[in-house]
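Examination of the molecular architecture
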Amino acid sequence: MSHTDYRLPTKDEPVILTRSEHPISRKQFDEETVKVLYRLYRSGYKAYLVGGSIRDLLLGRTPKDFDVGTDATPNQVRKLFRNCFLVGRRFRLAHIRFGQDNLIEVATFRRQADESDFPDDSESPQFTAENMFGTPREDAFRRDFTINALFYNIEDFSIIDYVGGLRDLSEKRIRMIGDPLVRFEEDPVRMLRALEFAARLNFTIDRETLEAIPARAHLLATASPARLREEMMELFRHKVAAKVLRQAGETGILTHLLPAFLPEEGCYRLIDQIDARTLAGIPVNEGFVIAALYLENFRRLLAATDELDFTAVMHLANTALAPHTRHFQVSHGIQHQAREMFLAFRRFQMGRGRKGERRFLRHPATAQALELYELWCRTGKGDPATAADWKEALEQSGKPQSVSHTPVKSGEKKRRPRRRKKRPAKAADQSASTTVSE
Ligand code: ATP
Ligand code: MG
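Overview of the structure. (Residues numbered from 1 in each chain as written. Chains lettered and ligands numbered in written order. Predicted model: local features only at pLDDT ≥ 70, side-chain atom pairs only at ≥ 80, totals over all residues. Heavy atoms only, no water.)

Below, the discussion takes up the layout of surface pockets. Taken as a whole, the largest pocket spans an internal volume of roughly 1,800 Å³. Taken together, 46 residues line the largest pocket, and the ones lying closest to its centre are R110, R142, D144, R193 and R227. Of all the elements in the fold, those that place two or more residues in the lining of the largest pocket are α2 (52-58), β3 (67-70), β6 (102-108), α8 (189-201) and α10 (225-237). If you tally residues by element for the lining of the largest pocket, the top one is α8, at six residues. Of the residues in the lining of the largest pocket, the class split is 15 nonpolar, seven polar and 24 charged. (1 Å grid on protein atoms, 1.4 Å probe; cavity = no way out; pocket = protein on both sides within 12 Å on 5 of 7 lines; lining within 4 Å. Points joined across faces, edges and corners; volume = space filled by probe spheres on them. Helix = DSSP H or I, 4+ residues; strand = E, 2+ residues; numbered from the N terminus. Nonpolar A, V, L, I, M, F, W, Y, C, P; charged D, E, K, R; others polar.)

Right, dumping it as structure tokens:
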């Protein structure tokens with residue numbers, strides 16, 4: 001946005017940009033979102049586009065999704081759309097589905113929840129939800145940053161700004177709505193989101209907002225692990241993980257967010273490499289991310305231990321991952337992926353020519369583990385020539401085969417697997433399927 005002279009909203013009046021005063025056109029919305037907006041509007045309800053989509057369009061970016069805000073209640077929305085179902089326990093949202101992969105979220109305007117919304121004597125979710133409905137103004141003020149609280153009104157194609165988001169957008173600023181100390185206390189995840197949006201959009205964080213972060217950093221330890229886990233993956237998907245983790249280190253939130261992560265230049269550099277890889281179009285998965293975050297922890301454990309049989313290495317891998325996977329309740333499957341990468345990493349470091357190499361090279365986890373090893377070598381810690389050797393060996397070994405789906409050779413009869421004698425169960429976190437090495 002090039003404008004620099006935005007008017008600011010007052011307590012009573014939002015800033016309203018008429019259609020001729022802003023560049024957003026309905027043609028930029030997806031067709032089905034426009035249909036939803038119009039059906040709501042023609043049925044007598046307010047229908048706004050809300051959240052990140054207006055921010056992104058004003059910045060000339062492509063929005064990830066379009067969210068709709070309305071004064072119709074979830075039940076009223078449901079009556080208007082056949083393809084609609086309600087989700088959410090505390091606050092009901094309407095999901096309207098078009099085809100296989102377009103899902104439009106319609107939320108009733110709501111206000112900031114406060115203590116009185118959760119009286120001890122009311123267990124009823126209905127009671128809570130209806131008490132949380134609000135006006136468009138209240139809906140704007142309950143949002144996190146000013147640039148995330150802009151509305152587009154389908155009635156007259158105007159943009160409505162209750163919070164000064166237009167000015168902050170034009171001045172490239174992340175500013176918390178209201179008192180940042182209070183808003184971070186209400187929801188500590190917002191601290192991480194402030195760093196994330198600043199990194200994604202290349203914006204600066206407003207001074208008051210930034211200064212509130214160290215003061216509230218400790219609260220991140222009490223935030224919902226599930227939400228933090230999701231926001232963490234967002235950092236990697238948006239290729240800003242290294243930048244945000246560095247800033248999280250500087251602002252004091254990192255020790256509360258990822259207490260076991262070693263905030264050292266080498267570790268950040270590996271994350272830089274991952275961001276660059278994602279930027280080049282290779283999607284990240286969580287197993288890969290976790291292995292990268294704690295690779296240095298694993299290496300140190302390895303270096304400090306003399307006797308290293310296979311079980312001992314497994315144990316070290318589990319020890320390096322446990323603080324994270326336990327806190328974030330990471331599934332066994334993902335833990336297994338990360339552990340496999342550690343085991344393969346050790347094998348890569350030991351060099352070629354050891355027993356069982358053929359099998360190792362054909363293992364389905366080896367290729368991805370080698371990618372991690374290559375990235376690590378690029379941080380300056382390892383020898384890229386070793387990585388190149390392994391890469392060549394992997395390419396020569398042919399396509400990796402999935403161990404669990406080895407096809408039956410033609411002419412060979414499918415046999416029922418022989419029954420095995422029952423073995424005593426292994427430790428629970430070591431049991432998941434097959435293992436890369438040794
Ligand atoms: P993107 O989807 O591109 O990451 P977004 O702005 O759409 O960005 P979402 O996480 O999808 O972000 O959230 C949608 C909107 O909900 C935000 O724009 C913001 O207005 C509001 N919001 C999300 N999280 C919070 C929060 N923790 N506190 C207050 N408001 C929030
Ligand atoms: Mg969104």
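Close to ligand 1 lie 14 residues; R55, D187, R190, R193 and R200 are nearest. At 3.1 Å from a nitrogen atom of ligand 1 is found a main-chain nitrogen or oxygen belonging to D144. One nitrogen or oxygen atom from the side chain of D187 is found 2.8 Å from a nitrogen atom belonging to ligand 1. About the coverage of ligand 1: the protein hides 81% of its 590 Å² of free accessible area. Applying the majority rule of atoms within 2 Å of the grid points places ligand 1 in the largest pocket. (Near = heavy atom within 4 Å. Polar contact = N/O pair within 3.5 Å; in protein donor to acceptor, adjacent residues only side chain to side chain. Areas by Shrake-Rupley, 256 points an atom, 1.4 Å probe, with all protein chains shown as cover. Sits in = over half its atoms within 2 Å of the grid points.)

One can find S170 in helix α6 (residues 165-170). Within the local environment of S170, its side chain forms a polar contact with the backbone oxygen of R167, the two atoms lying 2.9 Å apart.

Moving on: the packing of aromatic side chains. Each aromatic ring pair is characterised by the separation of its centres together with the angle its planes make. Scanning the entire structure with this criterion turns up 17 aromatic pairs. Seen from their ring centres, F345 and Y373 are 5.4 Å apart, and the 75 degrees between their planes marks the pair as edge-to-face. Remark: Y373 occurs in helix α18 (residues 366-378) and F345 occurs in helix α16 (residues 332-350); sequence separation between them is 28 residues. Its relative accessible area of 3% is what places Y373 among the buried residues. Residues F360 and W390 carry aromatic rings whose centres are separated by 5.7 Å and whose planes lie at 80 degrees to one another, so their mutual orientation is edge-to-face. Remark: W390 occurs in helix α19 (residues 384-396) and F360 occurs in helix α17 (residues 357-362); sequence separation between them is 30 residues. This pair shows no difference in class: F360 is buried, exactly as W390 is. Grouping aromatic residues by their ring pairs yields a cluster made of F345, F348, F360, Y373, W376 and W390. The aromatic ring of F288 is capped on one face by R277, whose charged end is 4.1 Å from the ring centroid. Taking the ring centre of F360 as reference, the NZ or CZ of R347 above it sits at 4.9 Å. (Phe/Tyr/Trp six-rings, centres within 6.5 Å; stacked < 30°, edge-to-face > 60°. Buried < 20%, exposed > 50% of the residue type's maximum accessible area, 1.4 Å probe, protein only. Lys NZ or Arg CZ within 6 Å of the ring centre and 35° of its normal.)

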